[in-house]
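The lines below spell out each chain.
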Amino acid sequence: MAMPLYDSQPARRVPWVTYLLVAANVVIFLITPMANFSQWYGEGTVRECNAARFTFEYGAVPKELTTGEQQPMPAEIVQQCGPSEFDKAPWFSAFSSMFLHSGVLHLLGNLVALFVVGMGVEDRLGRWRYLMSYLLFGLVAVYGFAWVSPDSTTPLIGASGAIAGVLGAYLILNPRGRIVSLVPPVVIRLPVWVVLGYWFVLQWLSLGDSESNVAYVAHIAGFLAGMGFAVLARRAGPSRRLAALSRG
């Protein structure tokens, strides 16, 4: 299996938005009960209960997104951890869920992918358009998952949906690019369509895995949204340049 390391094509500008997104995800993770560094959440069962409450409060619950109404905590969690009172805006959880991770490996896996391709996409879209599209991809991923599983009460967390959109955008914006990847035991440069094509096929083939807790539908929705957005961005690019020339 290939592990992406970095984009072989250097960026033309400092990717401040990509750095900001990486830093935001790390900082937010460190202050959540899912990180062992946040000692104020307690230890053992106390921490597990706090993590469960935190996930339900700030994670995106599909049934809440489709109905617009906050759902009660699952009975088994209430029985183990006691009742928990909080007011939740389902639409806001669609945003907050993008910056939450269940553990260090979940966080690192997402941020490596973001770091590898994010700089190239930011370089081609521009900082503000890249930031807005990142959030858009995340929303499409979250609501896409909720549309497929409207009655699910399992919270969805993680930046993978938004990052999947960045992957899709990168494939369109830099189709001839190469990604330096670790294919044990060697490091080689692979065409971007090989790396991302393999990733997408893997997500598609995993859709039927009922035992997995990975939201493959969200990944696919985000990836397709990224491809669609990039196609529109490429078409708009020449129009902007022609307009600028005519004004000049």
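Heads up: the structure comes first, above all this text.
Note that the coordinates shown come from a computational prediction; the quantities given were computed from them, not determined experimentally.

Undergrad: Give a detailed account of the pattern of salt bridges, specifying residues and quantitative values.
TA: A full pass over the atoms with the stated rule returns four salt bridges. For Asp-123, the salt bridge is made with Arg-12, and the minimal N-O distance between the two is 2.9 Å. One end of the pair, Asp-123, is in helix H6 (residues 104-125); the other, Arg-12, is in the loop between strand E1 (3-7) and helix H1 (16-30), with 111 residues separating them in the sequence. Look at Arg-12 and you get exposed, because its relative accessible area is 65%.

Undergrad: Which residues make up the state of the cysteines, and what values do they have?
TA: Following the criterion strictly, the structure yields one disulfide and no others. A disulfide bridge connects Cys-49 with Cys-81, and the sulfur atoms are separated by 2.1 Å. On the sign convention where negative is left-handed, the bridge of Cys-49 and Cys-81, at about -80° about the S-S bond, is left-handed. Placement of Cys-49 in helix H2 (residues 44-58) and of Cys-81 in helix H4 (residues 75-81) is noted, with a sequence separation of 32 residues between them. Judged by its relative accessible area of 6%, Cys-49 falls in the buried class. Residue classification places Cys-81 among the buried positions, given a relative accessible area of 17%.

Undergrad: For the side chain of Glu-122, give the residues involved together with the corresponding values.
TA: By the secondary structure assignment, Glu-122 is in helix H6. The exposure class of Glu-122 is buried, given its relative accessible area of 0%. Among the polar contacts listed, one links the side chain of Glu-122 to the backbone nitrogen of Val-17, at a separation of 3.0 Å. Residues in contact with Glu-122, not counting those within four places in the same chain, are Val-14, Pro-15, Trp-16, Val-17, Thr-18, Arg-127 and Tyr-130.

Undergrad: An account of the packing of aromatic side chains is needed here, citing residue identities and associated values.
TA: Tallying each qualifying case throughout the model produces nine aromatic pairs. Measuring from centroid to centroid gives 4.8 Å for Phe-54 and Tyr-58, while their planes differ by 45°, and the two rings are tilted. With Phe-54 and Tyr-58 both in helix H2 and four residues apart, this pair spans about one turn of that helix. Residue classification places Phe-54 among the buried positions, given a relative accessible area of 16%.

Undergrad: Could you give an account of the nonpolar core, with specific residues and numbers?
TA: Membership of the largest hydrophobic core comes to 44 residues, with the highest contact counts inside it found for Leu-21, Leu-114, Val-121, Tyr-130 and Tyr-134. Of all the secondary-structure elements, those providing two or more residues to this core are H1, H2, H6, helix H7 (127-148), helix H8 (160-173), helix H9 (192-205) and helix H10 (216-247). Once residues within four sequence positions are removed from consideration, Leu-114 is found in contact with Thr-18, Leu-21, Val-22, Met-119, Tyr-130, Tyr-134 and Ile-163. In this structure, Ala-94, Val-142, Phe-145 and Ala-146 belong to the second largest nonpolar core, which totals ten residues.

Undergrad: Mind laying out H9, listing which residues take part and the relevant values?
TA: The end-to-end C-alpha distance of H9 is 20 Å, a good match for the 20 Å that 14 residues give at a rise of 1.5 Å each. Among the residues of H9, those classed as buried are Val-192, Val-195, Leu-196 and Gln-203. Projected down its long axis, H9 carries its buried residues within an arc of 90°, all on one side. Of the residues in H9, the exposed ones pointing more than 90 degrees away from the buried face are Trp-193, Trp-204 and Leu-205.

Analysis parameters
Residues numbered from 1 in each chain as written. Predicted model: local features only at pLDDT ≥ 70, side-chain atom pairs only at ≥ 80, totals over all residues. Heavy atoms only, no water. Salt bridge = Lys/Arg side-chain N within 4 Å of Asp/Glu carboxyl O. Helix = DSSP H or I, 4+ residues; strand = E, 2+ residues; numbered from the N terminus. Buried < 20%, exposed > 50% of the residue type's maximum accessible area, 1.4 Å probe, protein only. Disulfide = S-S within 2.5 Å. Polar contact = N/O pair within 3.5 Å; in protein donor to acceptor, adjacent residues only side chain to side chain. Contact = heavy atoms within 4.5 Å. Phe/Tyr/Trp six-rings, centres within 6.5 Å; stacked < 30°, edge-to-face > 60°. Core = buried A, V, L, I, M, F, W, Y, C linked by side-chain atoms within 4.5 Å. Expected span 1.5 Å × (residues − 1). Arc of directions from axis to C-beta.

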